[in-house]
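# Breakdown of the fold
Listed below, chain by chain, are the residues.
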Amino acid sequence: MFEITGNDIALLNDTDLRALIGRLCEAELRRQGHSVSHVTWGGSQTAKDGGLDVHVALPPGAKVGGFIPRPETGFQVKKPDMPRREILDEMKPEGIVRPVIVDLVKASGAYIIVSSTGSTAFSALKNRKKAMTDAVEGIEDSSRLALDFYDRNRVATWLRDHPGLIPWVRSLVGKSIPGWQSWGSWSRAPSGVDDSYLFDAEARIKTGDEKEAEGLSAVDGIIRIRDVLRQPGQVVRLIGLSGVGKTRLCEALFDDRVGNGGLDPSLAHYTNVAEDPSPPPIGLASDLIAARRNGILVIDNCPFELHGELAKVAREPNSTISVITVEYDIRDDHPEGTDVFALDTSSLALIEKLVARRYPQVSQIDAGTIARFSGGNARMALALAATVGTNDSISKLSDADLFKRLFQQRHEHDADLLLIAQACSLVYSFEGVKTEGEGAELPILAELIGKPVAEVYAAVAELKRRDLLQERAEWRAVLPHAIANRLAALALQNIPTATITRALITVAPPRLRRSFSRRLGYLDGSKEARFIVQAWLAPQGMLGDIPNLGEDERTMLVNIAPVMPDPTLAAIERALKDADQSTLAQTTHVVRLLRSLAYEPEQFERAVALLIKIALAVRDDYDSGAAGIVPSLFYIALSGTHAPIAMRLKVLECLLKSDEPGPQALGLKSLDAVLKTDHFSSAHSFEFGARSRDYGYYPSAGKDVQDWFGAVLHLISPLALSDASVALGVRTAVAHEFRGLWSNAGQVDALDELMRQIGNNGFWREGWIAARQTRILDGEHMPAEIREQLTTLEEFLRPKDLIDQSEGRCLGFRTQRRPG
């Protein structure tokens, strides 16, 4: 892949050769820590350039080396060979040395002639350098000027030192590497239009960090991703729906015009897995590491399994590469050792700007209509804008008319194509290559609408040409989802339910059944979808016997829950109403679903009651099990629920006041969660079909934080001071979270009072240690009066028989004395 020779360089034309030298200079400066703004090149090859095609002008004294020998270096780039006569004519036309060369002498710079046709042996190179020296003879201090001649082989050597540029050069000379590209227009923006990255201050990138629950702006997210990828051995996963601009964002990572500190474009290696790259991504990653070459791999449409394999290679000891993979399919899995960023749709204002830039004939009113209809999806907006002609208007069209325009895209109405698109949209994805035999799914979709399979195959190809379908290997999917969901809803109206059920459930293979259920999960606004789901959830329905569902049916249950959340919850309640421990142990597959169902306050208590029931029966301690999920619903951030604190505390109180050790233990774990003030994290998914979801409740002001923790302390203070069996655990939880509560929660007075009341009953070792550690670690950052109050509290809690203050000995406990 990285093979490049002088013969390849000789095939470049004048313009491409100059561009190559310019890019090589930029790459060289980046490697040496300089800004590329010190490189000047461009313009027409035939324009007067004063004798320099590429000019490097670093500040005097700047460190340089290699193929850029001096801080100020000029390159004259020529395709033809340059023997002695041509060199003298170039440097000293009409017997007068060019002024730019004189200026380079004064700056103690360097002047280099590049010739892609010339291939010079040592003696010939020596003669050319002698001609260059003769050309400047007679100029004052001419010996201060460094002179050199780069033939095609030396340019090839320079290029091999920056392998990210090799795919670009090979494509210029007709030797492109299948599927691989250097940095460029990966998103295939039309030529001749402004391609600068559009962005605004709206939050578009979600990181999963509780401190960034609202997300980051595109620029802040790009800077964050750059910081990760700059270090070899790092892996990033960029996810989001089709058409929101993931590929365009990857381009921007290497664009100095966006934010600060763009990644080095010469390190970029881009491929789209759907284009069957050769070598495959794993092979390229391994080759780069083996050759000790740095690189940043950008893998578009990357399946989850391939991402995992790439991550393993990238994280090998002494790795020289970092990797970012891109995928439209959002999955629950968060790969280990991977920073996952989710890209949301654009703001409507940003979509309007994009439409105006690409299609200036579209009026401002029409651009607003397009933005609204697209829902912030750039691909959909541009496809719709392409249907608007001069003096045309769509501002008064209905959503149905806008959809029709987007689907037809200046073609005549094709009822058969529309019907086939509807059938294909009923499933989330389908096998789109085979027309017969085992694993073929096109015949099933064709039979569903009574069409020949060959016609369906051709229609799928036409949908791809209209950019309404994506493919990866043999798999096809109608996208964006906004289009697919609308088409699927129409299909449910136009095709008898019995026909759909037979084709996609009764006789369909398991994979297609799961795919159909996943599409249904996005159609909560369709009464036909709700009718199907309700029938499945009925006691005698396909998904009614929840404890005894097979693996496929379990997946289908999770898929269709967003269509009818309340009936889904009711079905689980019915199935577990009188369930024994054995039955509950068979129902652990619903715990993550119950967590999603607890999002709405109206369903919180019911969902948590079921989770508690399963947790007490199974008694597992895994974070992904019920006993781990119940406490996660009590965090002040990243909880995945909007249940108010009063509702959560009602559940917590029941657990803590139970007479049974199981509920008490679960209550204490939940108490730890509800008292937590910082360092939140979650490995759970927050997606739920097409329903709008966020990370759950998040305090919008300091008063909200105070009210939250004030309510918690009000509930647990009597328990902490009681003789109940749970009292010791409550006091321990307060001590464990004391530092955060004192420093972050605005509960200084309430906490001070509670700690003193507990201390009045005898020496409380955990409380004293907590107060002391808080003073040592956070005291210098506190207001003076708060620090003094904490010091006084620590004195109160300190054991009275602490006899050796200098050593900190107390009841066999030893601490190292620290300043303060």
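Residues numbered from 1 in each chain as written. Predicted model: local features only at pLDDT ≥ 70, side-chain atom pairs only at ≥ 80, totals over all residues. Heavy atoms only, no water.

## A word on the overall build of the chain
In terms of regular secondary structure, the chain is built from 36 helices and 16 strands. The C-alpha extent of the chain, read off along each of the three principal axes, is 105 × 90 × 50 Å. Every one of the 820 residues in the chain was classed for burial, and the buried ones make up 52%. (Helix = DSSP H or I, 4+ residues; strand = E, 2+ residues; numbered from the N terminus. Buried < 20%, exposed > 50% of the residue type's maximum accessible area, 1.4 Å probe, protein only.)

## Describing the pairing of strand β5 (residues 146–150)
Both faces of the sheet carry side chains from a regular strand, because those side chains alternate between them. Across the 5 residues that make up β5, a large majority, 5, are buried. Side chains of β5 alternate between two faces, with Ala 146, Asp 148 and Tyr 150 and Leu 147 and Phe 149 buried alike.

## Quick notes on helix α8 (residues 218–229)
The end-to-end C-alpha separation of α8 is 16 Å, in line with the 16 Å expected for 12 residues at 1.5 Å each. Every buried residue belonging to α8 is among Ala 218, Val 219, Gly 221, Ile 222, Ile 225, Arg 226, Val 228 and Leu 229, and all of these are buried. (Expected span 1.5 Å × (residues − 1).)

## Some details on the environment of Ala 400
Structurally, Ala 400 can be placed in helix α15 (residues 399–408). Its relative accessible area of 42% is what places Ala 400 among the partly exposed residues. The sequence separation of Ala 400 and Arg 486 amounts to 86 residues, and the corresponding C-alpha distance is 9.7 Å.

## A word on the packing of aromatic side chains
Using the criterion set out here, one finds 16 aromatic pairs in the structure. Both rings, one in Phe 516 and one in Trp 536, keep their centres 6.1 Å apart while their planes meet at 75 degrees; by these two values the pair is edge-to-face. Here Phe 516 is found in helix α21 (residues 510–520), whereas its partner Trp 536 is found in helix α22 (residues 527–537), with 20 residues between them in sequence. Taking the relative accessible area as the measure of exposure, Phe 516 reaches 1% and is therefore buried. Taking relative accessible area as the criterion, Trp 536 reaches 7% and is therefore assigned buried. Taking the centre distance of 4.8 Å and the plane angle of 90 degrees together, the rings of Phe 686 and Tyr 695 count as edge-to-face. Each member of the pair, Phe 686 as well as Tyr 695, is classed as buried. Ring pairs connect the aromatic residues Phe 67, Phe 75, Tyr 150 and Trp 158, which therefore count as one cluster. Arg 128 extends its terminal NZ or CZ atom over the ring of Phe 149, reaching a point 5.6 Å from the ring centre. Stacked on the ring of Tyr 428, the Lys or Arg Arg 518 has its end atom at 3.9 Å from the ring centre. (Phe/Tyr/Trp six-rings, centres within 6.5 Å; stacked < 30°, edge-to-face > 60°. Lys NZ or Arg CZ within 6 Å of the ring centre and 35° of its normal.)

## Things to note about the sheet that holds β5
Taken in spatial order, the 5 strands line up as β1-β2-β3-β4-β5 in an open sheet, and their pairing is mixed. The outermost strands of the open sheet, each flanked by one partner alone, are β1 (39–41) and β5. Averaged over all neighbouring strand pairs, the angle between strand axes comes to 15 degrees, with direction disregarded. Where β1 lies against strand β2 (residues 54–57), 3 bridges are found, and the strand directions are antiparallel. Its bridge partner being in β2, Trp 41 is matched across the sheet by Val 54. Those strands touched by helix α5 (residues 122–135) are β4 (110–115) and β5, and its axis lies near 140 degrees from that of β5. (Pairing = 2+ DSSP bridges. Axes fitted to C-alpha atoms, helices over the stretch in contact; angles between N-to-C directions. Contact = heavy atoms within 4.5 Å.)

## Re unusual backbone geometry
Ser 278 connects to Pro 279 through a cis peptide bond whose omega is 5 degrees. One can find Pro 279 in the loop between β10 (268–272) and α10 (281–290). For Ser 108, which is not a glycine, the phi torsion comes out positive at approximately 55 degrees. Its relative accessible area of 26% is what places Ser 108 among the partly exposed residues. At Asn 301, a position not held by glycine, the phi torsion is positive, near 50 degrees.

## Digging into the packing of helix α12 (residues 348–358) against helix α13 (residues 364–374)
Running from N to C, α12 and α13 cross one another at 125 degrees; their axes reach a closest spacing of 8 Å. By the criterion of interaxial angle, the relationship of α12 to α13 is oblique. Every pair of crossing elements has a handedness; the one defined by α12 and α13 is right-handed. Touching Leu 348, Ile 351, Glu 352 and Val 355 of α12 are Gln 364, Ala 367, Gly 368, Ile 370, Ala 371, Arg 372 and Ser 374, all from α13. Partitioned by chemical class, the residues of the contact of α12 with α13 number 6 nonpolar, 3 polar and 2 charged. (Parallel < 35°, antiparallel > 145°, perpendicular 65-115°, else oblique. Left-handed = near helix turned anticlockwise from the far one by under 90°. Nonpolar A, V, L, I, M, F, W, Y, C, P; charged D, E, K, R; others polar.)

## Observations regarding the nonpolar core
Counting residues in hydrophobic clusters, the biggest one holds 151 residues, and the most contacted among them are Leu 426, Leu 504, Phe 516, Val 674 and Ile 716. Excluding its chain neighbours within four sequence positions, the residues that come into contact with Ile 716 are Leu 656, Leu 671, Leu 675, Val 730 and Val 734. Membership of the second largest hydrophobic core comes to 31 residues, among which are Val 56, Ala 156, Ile 166 and Val 169. (Core = buried A, V, L, I, M, F, W, Y, C linked by side-chain atoms within 4.5 Å.)

## What to know about the packing of helix α16 (residues 415–425) against helix α17 (residues 442–449)
It is the contact of α16 with α17, at a shortest axis distance of 10 Å, that shows an interaxial angle of 125 degrees. By the angle between their directions, the pair α16 and α17 is classed as oblique. Our pair here, α16 against α17, has a crossing hand that is right-handed. In this structure, α16 uses Leu 419, Ile 420, Ala 423 and Cys 424 to contact α17, whose residues at the interface are Leu 445, Leu 448 and Ile 449. Of the residues that constitute the contact of α16 with α17, the class distribution is 7 nonpolar, no polar and no charged.

## Concerning the sheet that holds strand β16 (residues 475–478)
Hydrogen bonds between backbone groups are what pair the strands of a sheet, and the pairing can be parallel or antiparallel. Taken in spatial order, the 3 strands make up an open sheet running β14-β16-β15, and their pairing is antiparallel. The two strands at the open ends of the sheet, each matched to only one other strand, are β14 (430–431) and β15 (469–472). Taken together, the 4 bridges between β15 and β16 define a ladder with antiparallel strand orientation. The residue of β16 that forms the bridge with Gln 470 is Ala 477. Lying on the sheet, helix α18 (residues 453–465) is in contact with β14, β15 and β16; it crosses β15 at an angle near 105 degrees.

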